[in-house]
Amino acid sequence: MTDTRPTTRTQPAARPQPTVRTCPFDPPREYRTLRDEDPIAPVAFPDGTNGWLVTRHADVRAVLSDPRFGANRRPARATALPAGTPVPPPPPGMFLMMDAPEHTRIRRLLTGQFTVRRMRQLAPAVERIVAEHLDAMASAEQPVDLVRAFALPIPSLVICELLGVPYEDRADFQRNSSTMLRLDASQEEVQQAHLAMNRHIHELVLAKRARPTDDILSGLVQEGSLTDEEMAGVGALLLLAGHETTANMIALGTMCLLGNPGQLAALRADASLWDNAVEELLRYLTIIQFGLRRVAREDLELDGHHIEAGTTVLASLTSGNRDAEQFPGDPDQLDVLRKYSPHLAFGHGVHQCIGQQLARVEMKAALSALLDRFPTLRLAVPADQVPMRDDMLIYGVHELPVTW
Amino acid sequence: MKVIIDEDKCVGAGQCVLAAEEVFDQREDDGIVVLLDAVPSEELHSSVEDAAARCPALAIEVLK
């Protein structure tokens, strides 16, 4: 399959991909109009290519579970790529960018590590890590940056422990992760960061081969069906995905609850609402802010639109998660009492987030304990001065100064 | 109600266990769905339908 550039002949009225938010918690407003008037719309991506933008919940699910669409291999960047830039093959182990049967082969080696039961068994360990960080916060000088003191270290420590990556190495991999998620990073910077992550994990894989311990990398080494390069790629992907995403859900989720005192009061009055609240925060905040890209593997029809083979289709998770057809009432309001309905925060289809049960355990443990421990928690700066991550593939806050 | 699962389609996301843990479990070694009760009683019907709707890989079929 080749990812060729669609011509403007088939897409005469491509509009720019919506990227500008007017409220820190809401996706760009254009999505509402698109859902109503043009749910499968020709779009011009910031990297200079054209394709289609899908904005309704049902259509997003349909695209993401349709085998006629393949995984995207062109990195989503804000910078324009020179015309004709070839799409590189996915790096070894980067199963997010692969289709069956390669994707299935690698994913199946990992799914047993992330089951509901295993992640629930991990909850006490996560709660202990949360409590230690809250203790440290309590004795720190205020204001505290919640991202550095709490939201980032917790998922980062947990994924390091699970994978078997020394947490002492965090400065390196956190910097590299951040580069890989920056929209304005050049292709070369992203590649360098990716290589550095892979080299780091590759060294660990060699060490585990010599002396296996009880962690996922050691398990993969002993299982024996992946090459060292593939294990390095899988490890780097899990490390990247395992800490940046949850860290932002914890920090942005905290900011969102502090900005919705009625919702926060409901949670403080009834702790049994937390499971539901975590799902609602995932729906409402949807931090994969620019959606998921897929590539048509063949010429196909989508709701009356002809889509040429090789064309990129962007499935907007943020838009689908605000679709009133699926989320009745006011989907633009956070409502921790909202009855669960399948949201798209973890994607959909065969690539749906493998670490989602871990994310749930971490979000619940972190958010509930934080708000319990600091009943007077509040922002230390006006909300409009919190630096938002509009410039990153994963949305959230760059920092969140809090006091209590 | 009769529940049919397709192990080959399953991607081990665990959504079915969250929706209806009386009916679905995951295999210890590879996380693939295990059907605990192919003919669930009536009070479980709505959560089983929820599980089928949540499944990202369309691996759960519900016959009525």
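Each chain has its residues counted from 1, following the order in which its sequence is written. For naming, the first written chain is A and the first written ligand is 1, with later ones following in the order written. Confidence filtering applies because this is a predicted model: local features only for residues at pLDDT of at least 70, side-chain atom pairs given and counted only at 80 or more, and all residues used for totals across whole chains, interfaces and linings. In computing side-chain properties, one takes all heavy atoms of the structure into account and sets aside hydrogens as well as water.

## Observations concerning the overall build of chain B
Secondary structure follows DSSP: runs of H or I at least 4 residues long count as helices, runs of E at least 2 residues long count as strands, and numbering of each begins at the N terminus. A count of helical and extended segments in chain B gives two helices and four strands. Seen in sequence order, chain B has helices and strands lined up from the N terminus as β-α-β-β-α-β. Computed over the C-alpha atoms, the radius of gyration of chain B is 10 Å, within 12% of the 11 Å expected from 2.2 N^0.38 for a compact globule of 64 residues. Dimensions of chain B along its principal axes, counting C-alpha atoms only, are 30 × 20 × 15 Å. Relative accessibility under 20% of the residue-type maximum defines a buried residue, over 50% an exposed one, and the middle range a partly exposed one, all with a 1.4 Å probe and only protein chains included. Evaluated residue by residue, chain B yields a buried proportion of 50% over its 64 residues. As defined in this context, the radius of gyration uses C-alpha atoms, and a globule is described by 2.2 Å times the residue total to the power 0.38.

## What about the pairing of strand β6 (residues 292-296) of chain A?
For a regular strand, side-chain orientation follows a simple rule: the groups alternate between the two sheet faces. All names here are of chain A. Judged by how many residues are buried, β6 sits mostly within the fold: four of five residues are covered. Pairs of strands are assigned from DSSP output, requiring at least two bridges between the strands. Sheet topology places strand β4 (residues 69-71) next to β6; three bridges connect them, and they run antiparallel. Residue pairing across strands places Ala-71 opposite Arg-294, the latter belonging to β6. As judged from the four bridges shared by β6 and strand β9 (residues 312-315), these two strands associate in the antiparallel manner. Bridge pairing in β9 links Arg-293 to Leu-314.

## Digging into the nonpolar core
One recurring pattern in soluble globular proteins: nonpolar side chains tend to sit buried together. Counting residues in each nonpolar core, the largest one holds 96 residues, and the members touching the most others are Met-137, Phe-150, Val-165, Leu-239, Leu-281 and Val-397 of chain A. The element best represented in this core is helix α11 (residues 228-258) of chain A, accounting for 17 residues. Every residue pair with non-hydrogen atoms within 4.5 Å of one another is taken to be in contact. If near-sequence neighbours (up to four positions away) are discounted, Val-165 of chain A is found in contact with Cys-160, Phe-173, His-200, Ile-201, Leu-204, Leu-217 and Leu-239 of chain A. We define a nonpolar core as any set of buried Ala, Val, Leu, Ile, Met, Phe, Trp, Tyr and Cys residues linked to one another through side-chain atoms lying within 4.5 Å. In this structure, Met-1, Leu-44, Ala-52 and Cys-55 of chain B belong to the second largest nonpolar core, which totals 22 residues.

## Some thoughts on the interface of chain A and chain B
Facing the 20 residues of chain A at the interface are 25 residues of chain B. Two parts lose some accessible area (1.4 Å probe) when they are put together, and adding that loss for both gives the buried area. A combined buried area of about 1900 Å² lies between chain A and chain B, and 42% of that area is made up of carbon and sulfur atoms. The largest per-residue losses of area from chain A upon contact with chain B belong to Arg-108, Arg-117 and Tyr-340 of chain A, which jointly make up 27% of the total buried on that side. A side-chain nitrogen of Lys or Arg and a carboxyl oxygen of Asp or Glu constitute a salt bridge if their distance falls within 4 Å. Put simply, chain A and chain B have three salt bridges between them. Glu-21 of chain B is the salt-bridge partner of Arg-120 of chain A, the closest N and O atoms lying 3.1 Å from each other. Polar contact criterion, stated in full: a pair of N or O atoms within 3.5 Å, where within protein one must be able to donate a hydrogen and the other to accept it, and residues adjacent in sequence count only if both atoms are side-chain atoms. Here chain A is connected to chain B by 14 residue pairs in polar contact (both at pLDDT 80 or more). When contributions to the side of chain A that touches chain B are tallied by element, the ones reaching two or more residues are α3 (102-111), α4 (116-121) and α15 (356-373) of chain A. Here the side of chain A that touches chain B gets four residues from one element, more than from any other, and that element is α4 of chain A.

## Side note on the sheet that holds strand β3 (residues 50-54) of chain A
Residue and element names in this part refer to chain A. One open sheet holds the six strands; their spatial order is β1-β2-β3-β9-β6-β4, and the pairing between them is mixed. Unpaired on one side and paired on the other, β1 (15-16) and β4 mark the two borders of the sheet. Pairing geometry for β1 and strand β2 (residues 40-44), over two bridges, is parallel. By the bridge assignment, Pro-16 is partnered in β2 with Ala-44.

## A word on the confidence of the model for chain A
Per-residue confidence from the predictor is reported as pLDDT, a score between 0 and 100. With 94% of its residues at a pLDDT of at least 70, chain A reaches an overall mean of 93. Here residues 1-11 of chain A scores under 50 on pLDDT; set against residues more than four positions off or in separate chains, the count is 32 contacts.

## Brief notes about helix α10 (residues 216-223) of chain A
Residues and elements named next belong to chain A. Within the span of α10, buried status applies to Ile-216, Leu-217, Ser-218, Leu-220 and Val-221. Buried-residue contacts for α10 involve α3, α7 (153-163), α9 (187-210) and α11. For α10, the N-terminal capping position is held by Asp-215, with its side-chain oxygen 3.4 Å away from the main-chain nitrogen of Leu-217. Of the residues trailing α10, Gly-224 is marked for its positive phi of about 90°.

## Re the sheet that holds strand β10 (residues 378-379) of chain A
Residues and elements named next belong to chain A. One open sheet holds the three strands; their spatial order is β5-β11-β10, and the pairing between them is antiparallel. Among the strands making up the open sheet, the edge pair consists of β5 (144-145) and β10. Here β5 runs beside strand β11 (residues 401-403); their pairing, made up of two bridges, is antiparallel. In the sheet register, Val-144 faces β11, and the bridge partner there is Val-402.

## What about the confidence of the model for chain B?
Close inspection of predicted coordinates is inappropriate for parts of the model with low pLDDT. Predicted confidence across chain B gives a mean pLDDT of 96, with 100% of residues reaching 70 or more. Scoring the predicted complex yields pTM 0.94 and, for the interface, ipTM 0.95.

## Some remarks on the pattern of salt bridges
Residue and element names in this part refer to chain A. Summed over the entire model, instances satisfying the criterion amount to 28 salt bridges over all chains. Note that Glu-189 is salt-bridged to Arg-182, the shortest N-O span being 3.6 Å. Glu-189 sits in the partly exposed class, given a relative accessible area of 35%. Across the pair Arg-389 and Glu-244 runs a salt bridge whose closest N-O atoms are separated by 3.1 Å. Highlighted residues: Arg-389 in the loop between β10 and β11 and Glu-244 in helix α11, separated in sequence by 145 residues.

## What to know about the packing of aromatic side chains
Residue and element names in this part refer to chain A. Aromatic contacts are taken between Phe, Tyr and Trp rings whose centres are within 6.5 Å, Trp giving its six-membered ring; a plane angle under 30 degrees counts as stacked, one over 60 as edge-to-face, and the others as tilted. In total, this model carries one aromatic pair over all chains according to the counting rule given. With centroids separated by 4.4 Å and ring planes inclined at 35°, the aromatic side chains of Phe-374 and Trp-404 adopt a geometry described as tilted. Taken together, the residues span a long stretch of sequence, with Phe-374 in the loop between α15 and β10 and Trp-404 in the segment after β11 at a distance of 30 residues. A single burial state applies to Phe-374 and to Trp-404, both of which are buried. Charge-over-ring contacts are defined here by two conditions on Lys NZ or Arg CZ: a distance within 6 Å of the ring centre and an angle within 35 degrees of the ring normal. In this structure, Arg-283 is placed above the aromatic ring of Phe-327, and the distance from its NZ or CZ to the ring centre is 5.1 Å. Here Arg-293 stacks its cationic end above the ring of Phe-45, 4.4 Å away from the centre of that ring.

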